Amino acid sequence: MNEALVPEWMKKIRREDELAEAKKESARKLEVGASPLLQQEGPKFWHQLQQSLATVVDSLPVLKLSGSISRFSEGIRIEVVYYYLIPVQTYMDIYYDPDTAVIRCATMSGGICQLYLCAASNNEIAAFAEFDGPPMDPEQTSEYLMRPMVDSVRVQK
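Being a predicted model, the structure only gives us computed values, none of them experimental.

K.L.:
Give a description of a nonpolar patch on the surface that names residues and reports values.
P.N.:
A cluster of nonpolar side chains, namely Trp9, Met10 and Ile13, defines an oily patch on the protein surface of about 320 Å² accessible area. Along the chain, isoleucine 13 falls in helix H1 (residues 8-33). Judged by relative accessible area, which is 40%, isoleucine 13 ranks as partly exposed.

K.L.:
If you had to explain the environment of aspartate 151 to someone new, which residues and values would you point to?
P.N.:
On the secondary structure map, aspartate 151 appears in helix H3 (residues 138-155). Sequence separation between aspartate 151 and glutamate 74 is 77 residues, and the spatial gap between their C-alpha atoms is 26 Å.

K.L.:
Got a sec to walk through the packing of aromatic side chains? Specific residues and values, please.
P.N.:
Scanning the model with the defined rule gives 1 aromatic pair in all. Look at tryptophan 46 and tyrosine 96: their rings are 6.0 Å apart centre to centre, the planes differ by 20 degrees, and that puts the pair in the stacked class. Of the two residues, tryptophan 46 sits in helix H2 (residues 36-59) while tyrosine 96 sits in strand S3 (residues 88-97), which places them 50 residues apart along the sequence. With respect to burial, tryptophan 46 and tyrosine 96 carry one shared label: buried. Over the ring of tyrosine 91 we find arginine 77, and its NZ or CZ is 3.8 Å from the ring centre.

K.L.:
Please set out the confidence of the model for the protein residue by residue, giving values where relevant.
P.N.:
Looking at the protein, the pLDDT average stands at 86 and 90% of residues meet or exceed 70. Looking across the protein, the model is least confident in H1, with a mean pLDDT of 78, and most confident in strand S2 (residues 75-82), with 95.

K.L.:
Help me get a handle on the nonpolar core, residues and values and all.
P.N.:
Core analysis: the biggest nonpolar cluster contains 32 residues, and Ile78, Ile94, Ile103, Leu117 and Leu145 have the highest contact counts within it. Of all elements in the fold, only H2, S2, S3, strand S4 (102-107), strand S5 (112-119), strand S6 (125-129) and H3 reach the threshold of two or more residues within this core. Here the element with the most residues in this core is H2; it accounts for 7 residues.

K.L.:
Report on unusual backbone geometry, specifying residues and quantitative values.
P.N.:
A positive phi angle, near 60 degrees, is found at lysine 64, a position not held by glycine. The residue lysine 64 is located in the loop between H2 and strand S1 (66-72) in this model. By relative accessible area, which is 64% here, lysine 64 ends up exposed. One non-glycine residue, alanine 101, lies in positive phi territory at about 55 degrees. Checked against the element boundaries, alanine 101 lands in the loop between S3 and S4.

So, how was this worked out
- Residues numbered from 1 in each chain as written.
- Predicted model: local features only at pLDDT ≥ 70, side-chain atom pairs only at ≥ 80, totals over all residues.
- Heavy atoms only, no water.
- Patch = residues over 30% accessible without salt bridge, like charges linked within 9 Å, V, L, I, M, F, W, Y side chains within 5 Å.
- Areas by Shrake-Rupley, 256 points an atom, 1.4 Å probe, with all protein chains shown as cover.
- Salt bridge = Lys/Arg side-chain N within 4 Å of Asp/Glu carboxyl O.
- Helix = DSSP H or I, 4+ residues; strand = E, 2+ residues; numbered from the N terminus.
- Buried < 20%, exposed > 50% of the residue type's maximum accessible area, 1.4 Å probe, protein only.
- Phe/Tyr/Trp six-rings, centres within 6.5 Å; stacked < 30°, edge-to-face > 60°.
- Lys NZ or Arg CZ within 6 Å of the ring centre and 35° of its normal.
- pLDDT = per-residue confidence, 0-100.
- Core = buried A, V, L, I, M, F, W, Y, C linked by side-chain atoms within 4.5 Å.

Okay, structure coming up:
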């Protein structure tokens, strides 16, 4: 795309969006920096989430599906596959940013979500979906992430 041809009003919206995102990211870093609980327990939550995701992947044969988890420098990739005449698969890349206590997810279809780690009322860490929702422990977060993947592969069976 030729940047010179982009209308000025669209460039302005993009700049506003980038500025809002930078402010949000900065505020989140300050919040995490001021919270020893998030600094200490965030990595523990991430580890527990990875264990829960591994359990789900190991359990996929119960639904006649298969899957795998592979690690890359910044996170993990989870694949869910239904083998038939033509295999049907989907995947999600998930990584944890300890500076902002955010779990970022990107799907094969281009979907993106963020889960924010926050201190819950019981002084434990919980994940909150980007667009509101109840606090989730690692197992609930695992279901939140995996259920749409499993459903999308099963629908195509």
